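# Report on the structure
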Amino acid sequence: MIRSLLSGAAVCAILAFGFSAQAETRVTYKSAKSTSSYYQMAVQIAEAMKSGSSGDIIVTVEESQGSVQNVKEAGNRQGNYVFTTPPVLVKLAQGGKKMFEKDTADYGKIRSLFVIPSLTMHFVVSEDSAVSKFGDLDGKDFIIGKGSFGAREAAKYFGLFGLEGKVNLVDVELNSAVPALKNGQVHGFATAGSYPAPNVIEAAAGSKIRLLSLSDDQVAQTKRTRLVIPAGTYPGVDYDVTTTSLPVGAYTTTDMDDATAYALTKTYWEGKAKMGDANPWWNGVAPEMLSSMGAKLHPGALKYYSETGVQIADHLK
């Protein structure tokens with residue numbers, strides 16, 4: 001039973017929510033492409049939930065084509081659906097703007113659970129590409145993928161930096177990027193994922209790569225948060241890399257009952273340190289980052305934060 005996860009006051013809280021006894025709670029976790037760091041995070045979360053609940057919370061991870069798809073499905077999914085996305089997309093969906101303008105789905109039922117590592121832009125090139133700055137990408141073959149946040153962000157940056165129409169964007173999925181780079185078929189690729197990103201690690205294994213840095217002026221043009229990937233994060237990249245980041249959160253809907261949301265949130269935060277021992281991208285996540293979330297907290301999650309003394313911004317209550 002899920003209450004085996006909790007004890008003492010936590011058990012009382014679960015009972016107060018009227019959580020009915022059952023053998024196990026099943027949750028669908030919509031993540032990202034299987035080659036991304038966010039998919040690996042989802043697998044870690046699934047394992048942490050199973051371990052922290054003594055097998056009473058079973059999380060099934062689903063691959064997706066990107067954050068927009070995750071949000072769009074939230075408007076129609078029922079039951080215990082959890083998905084990841086940057087908060088800005090939740091705000092756009094609930095406001096019926098841009099790619100959500102013509103949707104009839106009920107995005108008003110989206111609720112926040114917890115924050116996860118931020119999206120970090122990586123611009124990867126082979127060492128023999130003769131590319132050391134963005135301007136050098138003029139005429140080069142480059143992969144940004146299709147439909148994902150990283151693909152849209154990379155295309156936006158090329159436009160901002162005067163490279164629109166000048167970079168030869170190869171029309172393939174991002175999962176083809178690493179072998180294409182290693183085989184000399186392309187000069188580089190862009191990817192968005194918390195560092196250290198698995199596909200960047202793979203690209204650096206057995207071959208020499210560079211990561212492109214943004215100038216402070218370029219960061220300002222993107223209107224994103226400045227972030228520095230420390231030297232030594234990737235093999236052969238022995239210098240700091242200045243890039244951009246975007247907050248990311250885990251969300252559900254009002255279809256999830258309060259007890260399940262409480263247990264998921266509690267188990268996540270109590271298991272985060274152990275996940276950080278395996279992957280350092282978890283170590284930069286803190287409850288103080290909750291203010292970036294794009295929707296009100298689920299009542300079950302809010303109950304957990306209230307019990308643990310986390311300060312919650314009024315727009316999340």
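Let me sum up the structure you'll find in this document. From a predicted model like this one, the values you see are computed outputs, not experimental measurements.

### Focus on the environment of T104
In this fold, T104 is placed in the loop between α4 (87-94) and β4 (110-126). For the pair T104 and N76, spaced 28 residues apart in sequence, the C-alpha to C-alpha distance is 9.6 Å.

### Thoughts on the packing of aromatic side chains
Here the structure, examined in full by the defined rule, presents 15 aromatic pairs. Residues F83 and Y251 carry aromatic rings whose centres are separated by 5.7 Å and whose planes lie at 25° to one another, so their mutual orientation is stacked. With a gap of 168 residues between them, F83 in strand β3 (residues 81-85) and Y251 in strand β10 (residues 241-253) connect regions that are remote in the sequence. Look at Y251 and you get buried, because its relative accessible area is 0%. On the basis of an interplanar angle of 85° and a centroid distance of 6.2 Å, the ring pair of Y262 and Y304 is categorised as edge-to-face. In this pair, Y262 sits in helix α9 (residues 258-278) while Y304 sits in helix α10 (residues 299-307), placing the two residues 42 residues apart along the sequence. Of the two residues examined, Y262 and Y304, each falls in the buried class. In this structure an aromatic cluster arises from ring pairing among F114, Y262, Y268, W269, W282, Y304 and Y305.

### As for the side chain of T191
Assignment of secondary structure puts T191 in strand β7 (residues 188-192). A polar atom in the side chain of T191 sits 3.1 Å from the side chain of N199. Excluding anything up to four places from it in sequence, T191 contacts T120, M121, H122, L174, N199 and V200.

### Concerning the nonpolar core
Ranked by internal contacts, the top residues of the largest apolar core, which has 77 residues, are F123, L137 and Y268. Element by element, the count of residues in this core is highest for β4, at 9 residues. With near-sequence residues (within four places) excluded, L137 lies in contact with V125, V131, F142, F158, L163, K166, V167 and L212.

Rules and cut-offs
Residues numbered from 1 in each chain as written. Predicted model: local features only at pLDDT ≥ 70, side-chain atom pairs only at ≥ 80, totals over all residues. Heavy atoms only, no water. Helix = DSSP H or I, 4+ residues; strand = E, 2+ residues; numbered from the N terminus. Phe/Tyr/Trp six-rings, centres within 6.5 Å; stacked < 30°, edge-to-face > 60°. Buried < 20%, exposed > 50% of the residue type's maximum accessible area, 1.4 Å probe, protein only. Polar contact = N/O pair within 3.5 Å; in protein donor to acceptor, adjacent residues only side chain to side chain. Contact = heavy atoms within 4.5 Å. Core = buried A, V, L, I, M, F, W, Y, C linked by side-chain atoms within 4.5 Å.

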